[in-house]
Amino acid sequence: MDYNKVILENVTVEYGNGRTPLRNTNLRLNGNGLVLVIGDTGSGKTTLLRLIAGLIPWIHYARVEGFIRVLGLNPLNYNDARRIRLYVSLAPQSTNYAFTYTRVYEELYSRQQFLEEHGVRIKVGLEDLVRLLELSKYIDYKISWLSGGYKRRLIIARALLGPPSIVLLDEPLSDLDMESSKTVLSLLEDIRRHTLLVVAEHRYSFFTNNNVDHVYKLVNGELVEQDMVYEELRLC
Ligand SMILES: Nc1ncnc2c1ncn2[C@@H]1O[C@H](COP(=O)(O)OP(=O)(O)OP(=O)(O)O)[C@@H](O)[C@H]1O
Ligand SMILES: [Mg+2]
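All values reported here derive from a predicted model rather than from experimental measurement. (Residues numbered from 1 in each chain as written. Chains lettered and ligands numbered in written order. Predicted model: local features only at pLDDT ≥ 70, side-chain atom pairs only at ≥ 80, totals over all residues.)

A.B. asks: Before we move on, can you summarise the overall build of the protein with the specific residues and values?
C.D. replies: Of the regular secondary structure elements, the protein holds seven helices and nine strands. The dimensions of the protein, computed from C-alpha atoms along their principal axes, are 45 × 45 × 40 Å. Counting over 236 residues, the protein shows a buried share of 36%. Relative to all contacts within the protein whose residues are 6 or more apart in sequence, the contacts with residues 24 or more apart total 68%. (Helix = DSSP H or I, 4+ residues; strand = E, 2+ residues; numbered from the N terminus. Buried ≥ 20, exposed ≤ 12 C-beta atoms within 10 Å, placed from the backbone. Contact = placed C-beta atoms within 7 Å.)

In structure tokens form, the structure reads like this:
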């Protein structure tokens, strides 16, 4: 199906402190695949993901101008923003305040239950993700007992559950060593075949033509599509 899952037309986002990370930016994403978003620190990658996830302006206040649609819904409308959160999952950049429950299994199980209750077909379930991300040893642990790398795996597992139509992953490789990064990347390679993944990542040297479908760079508040060739990416 060739309809746009994400449309941004002349979108500007200005936070209450006057920071304006997105300025008259445009983006159209359709189908499935992995879209990599790169850009300097503070360029607005997290802001872009928060906007698509329906968290701006409801959780993170900002003034927004322009036309936005996510799966045909308007994230600037409160009821639409609530529905977007059902079809779009976000793995946040920070592991602080990222969890609702005390134990690992509660965090994953409650998310899976929520998706099932709302009719999301579970293609990649809790047991698969626990196995693939090697979380089984920690399933009964308190989340506060986990190391940074395992908190990151848990955040990724929770976002990939289902998965819903769009999965947003904000710096998914931070806190991960080389081997864990490869494990996460191979999981994303499989999931991108039936889901749209939008990944904001500093460590984009892990991404190549083989595992990325499109690359955008945030430059002065605008999204600029990049050539996907890895060597060129390294230079930009
Ligand atoms: N809630 C907020 N209130 C005010 N300013 C904010 C808020 N969140 C982000 N900013 C500012 O907006 C700009 C973009 O931040 P954002 O976190 O989107 O960038 P980023 O590209 O994700 O950075 P990084 O690579 O460091 O994660 C920065 O100048 C930041 O200070
Ligand atoms: Mg960020």
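From this point, the narrative continues.
A.B. asks: So, the site of ligand 1: which residues are in play, and what are the values?
C.D. replies: The full set close to ligand 1 counts 14 residues, and Y15, T41, K45, T46 and T47 are the nearest of them. Per-element accounting of the shell around ligand 1 gives the leading share, three residues, to helix α1 (residues 45-52). Here the shell around ligand 1 is composed, by residue class, of two nonpolar, 10 polar and two charged. (Near = placed C-beta within 6 Å. Nonpolar A, V, L, I, M, F, W, Y, C, P; charged D, E, K, R; others polar.)

A.B. asks: I'd like to hear about the sheet that holds strand β4 (residues 62-70), residue by residue, with values.
C.D. replies: The strand order across the open sheet formed by three strands is β2-β1-β4, and the pairing between neighbours is antiparallel. Looking along the sheet, the strands with just one partner apiece sit at the ends: β2 (22-30) and β4. Adjacent strand axes in the sheet meet at a mean angle of 10°, parallel and antiparallel pairs treated alike. Examined bridge by bridge, strand β1 (residues 4-15) and β2 share six bridges and lie antiparallel to one another. Paired with L8 across the two strands is L27, which belongs to β2. The strands that α1 touches are β1, β2 and β4; relative to β1, the one it contacts most, it runs at about 120°. (Pairing = 2+ DSSP bridges. Axes fitted to C-alpha atoms, helices over the stretch in contact; angles between N-to-C directions.)

A.B. asks: Talk me through unusual backbone geometry; I want residue IDs and the actual numbers.
C.D. replies: Between I56 and P57 the backbone carries a cis peptide bond, its omega angle lying at 5°. With respect to the helices and strands, P57 occurs in the loop between α1 and β4. Backbone torsion omega between G162 and P163 reads -20°, so that peptide bond is classified as cis. Within the secondary structure layout, P163 lies in the loop between α5 (148-160) and β6 (166-170). In this structure, N10 is a non-glycine residue whose phi angle is positive, near 50°. Tracing the backbone through its elements, the reader meets N10 in strand β1. The phi dihedral of L71 is positive, around 55°, even though this residue is not glycine. Of note, L71 is situated in the loop between β4 and α2 (78-87). For L71, a count of 20 C-beta atoms within 10 Å gives the class buried.

A.B. asks: Can you break down the environment of R153 residue by residue, with the values?
C.D. replies: You can see R153 is positioned in helix α5. Overall, the presence of 26 C-beta atoms within 10 Å leaves R153 in the buried class. Along the backbone, R153 and L176 are 23 residues apart, and their C-alpha atoms lie at a distance of 8.4 Å. Discounting chain neighbours no more than four positions away, the residues touching R153 are L133 and L135.

A.B. asks: Explain the sheet that holds β6 to me, and be specific about the residues and the numbers.
C.D. replies: Strands sit in the order β5-β6-β7-β3-β8-β9 across an open sheet of six strands; the sheet is mixed. Taken across any chain shown, the strands that pair with only one partner, and hence form the sheet edges, are β5 (88-91) and β9 (222-226). Along the sheet, successive strands turn relative to each other by an average axial angle of 20°, direction set aside. With five bridges joining them, β6 and strand β7 (residues 196-200) adopt parallel strand pairing. Counterpart to V167 in the pairing with β7 is L197.

A.B. asks: How would you sum up the environment of R152? Please name residues and give values.
C.D. replies: Its place among the elements puts R152 in helix α5. A tally of 23 C-beta atoms within 10 Å means that R152 is categorised as buried. Expressed as a C-alpha distance, the spacing of R152 and P92, which sit 60 residues apart in the sequence, is 9.3 Å. Discounting chain neighbours no more than four positions away, the residues touching R152 are T95, S174, D175 and L176.

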